[in-house]
Amino acid sequence: MTRFNAWNVIKNGLNGQTGWDRQWRDPEVKKEYDVVIVGGGIHGLATSYYLAKNFNIKNIAVLEKGWIGGGNAGRNTTIIRSNYMMPGSHQFYEHSLKLWENLSHELNYNVMFSQRSHISLFHSPTARDVAARRYNIMKLHGTDAELWNIDKLKKNIPYLNYSNARFPILGAAVQKRAGNARHDAVVWGYARAADQLGVDILQNCEVTNISRTNSNIDSLETTKGNIKAKKIGFAVAGNTSRLWEMTGLVNLPIESHKLQAFVTESIKPLLDHVIVYGVAGAHFYISQSDKGSLVFGGDLDWYKSYAQRGNLPIVQDCAEAAMAILPSLGRIRIVRHWAGVCDMSMDGTFFICKTPINNLYLNAGWNYGGFKAGPASGWYFADLIANEKPHNFIKNHNLERFENGINLDERGAGPDPKLHG
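Here is a short report on the structure shown in this document. For every chain, the first residue of the written sequence is number 1, and numbering continues from 1 onward in sequence order. The predicted origin of the model limits local features to residues at a pLDDT of at least 70 and limits the giving and counting of side-chain atom pairs to 80 or more, whereas totals for whole chains, interfaces and linings rest on all residues. The basis for every side-chain value is the complete set of heavy atoms in the structure, and neither hydrogens nor water enter the calculation.

**Digging into the packing of helix H3 (residues 89-107) against helix H9 (residues 370-387)**
Turning to step 1, where the next piece is worked out: To define axes, lines are fitted to C-alpha atoms, for helices over the stretch in contact only, and angles between the resulting N-to-C directions are given on a 0 to 180 degree scale. Each helix is a run of H or I in the DSSP string that is no shorter than four residues. Each strand is a run of E no shorter than two, and both are numbered from the N terminus. Close contact between H3 and H9 brings their axes to 8 Å; oriented N to C, the two are set at 100°. Our classification of the angle between H3 and H9 gives roughly perpendicular. On the side of H3, the interface is formed by Phe92, Tyr93, His95, Ser96, Leu99, Trp100 and Leu103, while H9 contributes Phe371, Lys372, Ala373, Gly374, Pro375, Ala376, Ser377, Trp379 and Tyr380.
Turning to step 2, where the next piece is worked out: The residue makeup of the contact of H3 with H9, split by class, is eleven nonpolar, four polar and one charged. Comment on the angle field: the value is read as roughly parallel under 35 degrees, roughly antiparallel over 145, roughly perpendicular from 65 to 115, and oblique elsewhere. Note on contacts: a residue pair qualifies if any of its non-hydrogen atoms lie within 4.5 Å across the two residues. Ten residues, namely Ala, Val, Leu, Ile, Met, Phe, Trp, Tyr, Cys and Pro, are considered nonpolar, four, namely Asp, Glu, Lys and Arg, are considered charged, and the remaining ones, Gly among them, are considered polar.

Now the structure itself:
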């Protein structure tokens, strides 16, 4: 496969762009694989890549029911950060951020990672104290973290609503290494890199049924035929519950809710940062894309759904939240909006774990955090599948944690999935 470098760009510019290979193969389906990963999003593709790269496992397939980049990977607002404080969670997301920082070089593919800073506004002395606790814990772990007072915030972002605001701004918690990336470029980069290592990427290959004998899965029935595997990993986000039912298992602690996102018409450069706030029931985050569109979102829909389309109440809620801190956006038009399906766990924290089925492994429960977690998710999931035991950082991210009284509630919202947006 042709590598991306300056010489090849110049050469193909002179020969009419005829020297580029396909980004990944369209292989024939094998009857059996050593590992099958169900789900061709960032988590599934990253898992297959690290299985091949870190553990030299070659006979791997990724099954994607649609096309690469057509699921949640292409339906999110692409925010990347590591401002977590819970044991295990902090180390996990910091590892993911470090992988992001070198990902374009590692994959030989520009994922357009922009470390433009994550600015989390606070609106009361109590919120400032909560942010100070979290960010001080981050600093103790060696992660960059700053608290900006109102004067420094005004100097860096002068166009926020600092006067007569619905939610008075007192300052912000800032992580400068955070930012965002191009969602489809990431999955294309992982798909291309995994394919180079021999991974079969099977698009339009939906799992329709699962054949199981006692505590083992025998085969997966798909739209491209019957596929056997020694080990199977689920990384299907909002569709986890559907596949879980196919295995005959019950009591999965996940609910599927839809999360809407919005894009405006393109405007001149305005937002150099990712800006976030949450107060008094409002929740909002916004950044500007390379094409000039403002990309933003807020709370998920509180009812359970597999839909991938939006509805008016959330449109109104997000528009009001935008106007509360950026009234200058009032005349900008929204050109499209959509929804991704989030697998919301009871405590707002993910699962990377073994299951009651011997050869089935679970990667799920990402709530709002799936995109930024992608590289580390693939790294730790591959480690679990290859070594048959979880890394120490994710040892409590299992299905049994609720039975054992372990609540990894980063937000402190309690055991209600819809409250962890």
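Once the structure has been displayed, the description carries forward.
**Quick word on the side chain of Lys231**
Turning to step 1, where the next piece is worked out: Relative to the helices and strands, Lys231 resides in strand E11 (residues 225-234).
Turning to step 2, where the next piece is worked out: The term polar contact refers here to a pair of N or O atoms within 3.5 Å; inside protein, the definition further demands a hydrogen-donor-capable atom paired with an acceptor-capable atom, and it admits residues adjacent in sequence only when both atoms are side-chain atoms. From its side chain, Lys231 meets the backbone oxygen of Ile385 in a polar contact 2.7 Å long.
Turning to step 3, where the next piece is worked out: If we ignore the near neighbours within four places in the chain, the residues touching Lys231 are Asp34, Val35, Val36, Asn359, Tyr361, Ile385, Ala386 and Glu388.

**Some thoughts on the environment of Glu32**
Turning to step 1, where the next piece is worked out: Locating Glu32 in the fold gives a position in strand E1 (residues 32-38).
Turning to step 2, where the next piece is worked out: Using a relative accessible area of 42% as the deciding quantity, one classes Glu32 as partly exposed.
Turning to step 3, where the next piece is worked out: Placed 196 residues apart in sequence, Glu32 and Lys228 show a C-alpha to C-alpha distance of 4.5 Å.
Turning to step 4, where the next piece is worked out: Setting aside its immediate chain neighbours within four residues, Glu32 contacts Asn59, Lys228 and Lys230. Residue exposure (1.4 Å probe, protein chains only): buried if accessible area is under 20% of the type maximum, exposed if over 50%, otherwise partly exposed.

**Thoughts on unusual backbone geometry**
Turning to step 1, where the next piece is worked out: The backbone of Ser117 sits at a positive phi, close to 90°, despite the residue not being glycine.
Turning to step 2, where the next piece is worked out: Structurally, the position occupied by Ser117 is in the loop between H3 and strand E4 (118-122).
Turning to step 3, where the next piece is worked out: Judged by relative accessible area, Ser117 falls into the buried class, the value being 9%.
Turning to step 4, where the next piece is worked out: With a phi close to 55°, Asn204 is a non-glycine residue in the positive phi region.
Turning to step 5, where the next piece is worked out: Among the secondary structure elements, Asn204 is positioned in the loop between strand E8 (200-202) and strand E9 (207-213).

**With respect to the packing of aromatic side chains**
Turning to step 1, where the next piece is worked out: Here a Phe, Tyr or Trp ring, Trp counted by its six-membered ring, pairs with any other such ring whose centre lies within 6.5 Å, and the pair is stacked when the planes are under 30 degrees apart, edge-to-face when over 60, and tilted otherwise. Taken as a whole, this structure holds 22 aromatic pairs when the rule is applied.
Turning to step 2, where the next piece is worked out: Cluster of aromatic residues (ring-pair linked, three or more members): Tyr84, Phe92, Tyr93, Phe350, Trp366, Trp379, Tyr380 and Phe393.
Turning to step 3, where the next piece is worked out: One Lys or Arg, Arg242, reaches over the ring of Tyr306 and ends 3.8 Å from the middle of that ring. Distance and angle both matter: a charge sits over a ring if NZ of Lys or CZ of Arg is within 6 Å of the ring centre and within 35 degrees of the ring normal.

**So, the nonpolar core**
Turning to step 1, where the next piece is worked out: Side-chain atoms within 4.5 Å are what join buried Ala, Val, Leu, Ile, Met, Phe, Trp, Tyr and Cys residues into a set we call a nonpolar core. Core analysis: the largest hydrophobic core is formed by 51 residues, its most contacted members being Phe92, Trp100, Val186, Tyr190 and Ile352.
Turning to step 2, where the next piece is worked out: Of all the elements in the fold, those that place two or more residues in this core are E1, helix H2 (42-55), strand E2 (60-63), H3, helix H6 (183-196) and H9.
Turning to step 3, where the next piece is worked out: The greatest single-element share of this core, amounting to eight residues, is contributed by H9.
Turning to step 4, where the next piece is worked out: Ignoring any residue separated from it by four or fewer positions in sequence, one finds Ile352 in contact with Phe92, Leu362, Asn363, Trp366, Ser377, Tyr380, Phe381, Leu384, Ile394 and His397.

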